[in-house]
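Given next are the chains, with one letter for each unit.
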Amino acid sequence: MLECKNLTVAYGKSAPVLRDVSFTARPGRITAILGENGCGKSTLLRAIMQEIPHTGVVLCDNSLLAQMPPRQRALCLSLLPQHLPAPALSLGETVALGLSPRCAKLGEPEWQAVDSALQRVGLLALRDRPVSTLSGGERQRAFLALLLLQDTNVLLLDEPTAHMDLSFTAEFYDILREERARGKTILLVMHDVGDALALSDDVVILQGGAVAFAGSAAQALERHLPETLFHLCRYTATGGEEEAIFFRANKKHR
Amino acid sequence: MKFHRRDAVVLCGALLLLCLSAFLSLRYGSTHLSATAFWGALLHPDAYPHGALILRAIRLPRMLAGLFAGAGLALSGTLLQHATDNPLAAPNIIGINAGAGFFVILSLSLFPTLYSLTPFAAFGGAMLTALCILILSGRQGLNKTAVVLCGVAFSALFGAGISFFSVLNEDVLASYTAFSVGGLQGVTMQELSFPIPMIILCFAGALLLARPLQLFCLGDTLAASLGVSVRRTRLLALVLAAASAAAAVSFAGLLGFVGLLVPHTARRLTGGHVKRELILSPMGGAILLLLADLLGRLLFRPTEIPVGIFTALLGVPFFLTLLLRRCRHAGM
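All of these numbers come straight from a predicted model, not from anything done at the bench. (Residues numbered from 1 in each chain as written. Chains lettered and ligands numbered in written order. Predicted model: local features only at pLDDT ≥ 70, side-chain atom pairs only at ≥ 80, totals over all residues.)

### Considerations on the overall build of chain B
Helices and strands together make up the secondary structure of chain B, namely 14 helices and zero strands. Counted from the first residue to the last, chain B has its helices and strands arranged as α-α-α-α-α-α-α-α-α-α-α-α-α-α. Relative to its length of 332 residues, chain B is compact, with a C-alpha radius of gyration of 20 Å against a globular reference of 20 Å. Seen along its three principal axes, the alpha-carbon backbone of chain B occupies a region of about 65 × 55 × 35 Å. Among the 332 residues that make up chain B, the fraction classed as buried is 52%. (Helix = DSSP H or I, 4+ residues; strand = E, 2+ residues; numbered from the N terminus. Rg over C-alpha atoms; globule rule 2.2 N^0.38 Å. Buried ≥ 20, exposed ≤ 12 C-beta atoms within 10 Å, placed from the backbone.)

### So, the sheet that holds strand E2 (residues 18–25) of chain A
Remark on secondary structure: sheet strands pair via backbone hydrogen bonds, oriented parallel or antiparallel. Residues and elements named next belong to chain A. In space, the four strands of this open sheet follow the order E2-E1-E4-E5, with antiparallel pairing throughout. This sheet does not close on itself; its edge strands, each paired only once, are E2 and strand E5 (63–64). Here strand E1 (residues 2–9) pairs with strand E4 (residues 55–60) via five bridges, running antiparallel. Note that in E4 the partner of Cys 4 across the bridge is Val 58. (Pairing = 2+ DSSP bridges.)

### Looking at the packing of helix H4 (residues 108–120) of chain A against helix H5 (residues 136–150) of chain A
Residues and elements named next belong to chain A. Following both chains from N to C, one finds H4 and H5 inclined at 130 degrees, their axes separated by 9 Å at the closest point. Classified by the angle their axes make, H4 and H5 are oblique. In terms of crossing hand, the pair formed by H4 and H5 is right-handed. Only Ala 145, Leu 148 and Leu 149 of H5 make contact with H4, whose side of the interface consists of Ala 113, Val 114, Ala 117, Leu 118 and Arg 120. (Axes fitted to C-alpha atoms, helices over the stretch in contact; angles between N-to-C directions. Parallel < 35°, antiparallel > 145°, perpendicular 65-115°, else oblique. Left-handed = near helix turned anticlockwise from the far one by under 90°. Contact = placed C-beta atoms within 7 Å.)

### Side note on the environment of Val 172 of chain B
Residue and element names in this part refer to chain B. Looking at the element boundaries, Val 172 is found in the loop between helix H6 (144–168) and helix H7 (173–181). Taking the C-beta count within 10 Å as the criterion, Val 172 has 19 such neighbours and is therefore assigned partly exposed. Between the alpha carbons of Val 172 and Ala 160 there is a distance of 16 Å; along the sequence they are twelve residues apart. Residue contacts for Val 172: discarding those within four places in its chain leaves Ile 105, Leu 108, Ser 109, Pro 112 and Phe 165.

### Some thoughts on unusual backbone geometry
Residues and elements named next belong to chain A. Positive phi values are uncommon outside glycine, yet Asp 151 reaches one of about 55 degrees. Locating Asp 151 in the fold gives a position in the loop between H5 and strand E7 (154–158). Given 18 C-beta atoms within a 10 Å radius, Asp 151 is considered partly exposed. Located in the positive-phi region is Glu 159, a residue other than glycine, with phi close to 45 degrees. Here Glu 159 lies in the loop between E7 and helix H6 (166–181).

### Section: the confidence of the model for chain B
Residues and elements named next belong to chain B. Across chain B, the average pLDDT comes to 85, with 96% of residues at 70 or higher. Mean pLDDT values over the elements of chain B span from 72, in helix H14 (residues 307–329), up to 94, in helix H9 (residues 195–215). What the predictor reports for the complex is a pTM of 0.86 with an ipTM of 0.87. (pLDDT = per-residue confidence, 0-100.)

### Re the interface of chain A and chain B
Interfaces are frequently sized by the accessible area removed from exposure as the parts join. Contact residues are listed per partner, giving 17 residues for chain A and 16 residues for chain B. In terms of residue count, the dominant contributor to the side of chain A that touches chain B is helix H2 (residues 70–76) of chain A (four residues). When the residues that make up the side of chain A that touches chain B are grouped by side-chain class, the tally is eleven nonpolar, two polar and four charged. (Nonpolar A, V, L, I, M, F, W, Y, C, P; charged D, E, K, R; others polar.)

### Some details on the pairing of strand E9 (residues 202–207) of chain A
Note on strand geometry: in a regular strand, side chains alternate between the two faces of the sheet. Residues and elements named next belong to chain A. The buried fraction of E9 amounts to five of the six residues, a majority that puts the element mostly inside the structure. In this sheet, E9 lies alongside strand E3 (residues 29–35) in parallel orientation, the contact comprising five bridges. Along E9, the bridge assignment pairs Thr 31 with Asp 202. Pairing of E9 with strand E10 (residues 210–216), which is carried by six bridges, proceeds in the antiparallel orientation. Bridge assignment links Leu 206 to a residue of E10, and that residue is Val 211.

### A short note on the nonpolar core
Counting 173 residues, the largest nonpolar core has Val 95, Ala 145 and Leu 188 of chain A together with Ala 126, Ala 242 and Ala 246 of chain B as the members making the most contacts within it. Discounting chain neighbours no more than four positions away, the residues touching Leu 188 of chain A are Ile 30, Thr 31, Ala 32, Ile 33, Leu 157, Ala 196 and Ser 200 of chain A. (Core = buried A, V, L, I, M, F, W, Y, C linked by C-beta atoms within 7 Å.)

### What to know about the packing of helix H4 (residues 96–110) of chain B against H6 of chain B
All names here are of chain B. The contact between H4 and H6 brings their axes to 8 Å, and the two run at 25 degrees. Judged by the angle between their axes, H4 and H6 are roughly parallel. Like other packed secondary-structure pairs, H4 and H6 cross with a definite hand, here left-handed. Residue-level inspection shows Ala 98, Gly 99, Gly 101, Phe 102, Ile 105, Leu 106 and Ser 109 of H4 in contact with H6, the latter providing Phe 154, Ser 155, Phe 158, Gly 159, Gly 161, Ile 162, Phe 165 and Ser 166. Of the residues belonging to the contact of H4 with H6, the class tally is eight nonpolar, seven polar and no charged.

Shown next as structure tokens:
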């Protein structure tokens, strides 16, 4: 479980980027953070990761993150950042770094775990390729494999599908659902409101650095929050037995 | 990290080349020693006192100076490039060499007769500059860009200071030029008694830092999320880099090139494995400096060409060949 209590972030003497943000992301649930550009979504993740100075507290499984040594923190929560590096290491070796908080030396079982993680994201065939030669989407899948290998109770993902193609995006959502079923706490920052509401159980909507709504995704839809807060139009599409909701920008508002 | 056959070949090859370079550095010099005299001086020094004296007093210190200066500067460059995630970081780029140079010219201006102060001034200047960079960039959370920019600013400041003293006191210019070009002539065992243990200590410390530094290749955010104390690791790496470079320049002068391009070459040969790079890079630096010094001694015998000139002449073609081969493989 991840609890943020009264998180405030300010750079210098300027107005706070985040104001008094409080919410709880519960185990076995996917919590989406939604908001317009510049509302403080990525700043919130950086504050949770203790990367930037802030006031307020962040609790991970009832322990104060600020008081944990870095190694212990790495055993509690992991992060898939928005901007991914391209190291010269091979894909397999890069993904294996996800095991570094747990073990110093990698034996055969650990390399098998690396292969399973790569298999899960569909990149096993590229194991020996340098990460620097992979496409943006492949790199996102590679670092997802690293995150899965780190195997923490809390997973933070910042725009994880930004470079992924549609077919793997669907597979990626399945992986997240599997992790949710394993009891993981998943906190997801996403731009696509429709996908976020379809995938997540809970939603935290940020507006101007403060929490405008924190509750279940169903409640957010019932209250027409995407329409009122983000000025979007709701569309419903039916394909076979499935019904999908998606949103488009409201041209009248523009 | 998996150890491939290629890694074993590269490391063994470098070790063999290092042994060969060290042997050649002992074997050949401006004074000709026949094979009999050389082996005799080495195995029975009492029977060959002249050869033994040359080996003990001139060639051995010079060989050790080349070996450890090259290793120290290359180690420093490797640590700096990883700590700042900047391929252009090197002791001469981030102001450590300029700091050493400034304090040397200052000591030569203030105490012109005390040339023996030079190594201490160089070491003290380099460490003081590193300290200033760490304090100032520490106010920015030891941000990697802040470290490099502070270093570049100090480099410019000390560069101006060096020009100022050169114009003010032209008598010191000749002594300073000899130091700034870099060379291993006249190095004694006594001068090496402090820098060599220092460089060995820095090397041991660097190996201990290899694991967290490996995670730096993922960027600060991911490294921190994988349990690395980014600030502490960066601080330790910078201190080790500064101490290693300061120890090397204290007896070898301002050999800038080694600390910039040898780490690049080592990185290309080790495929991004920091620990292997931290082992290969000092070996590469030592090989380059020993061979460059040997050429400098032999090509225009008895005149000696400073080692700094030949490190560039030997290193640049090798580095460019490697770079072009990589580009061809990548289809660029």
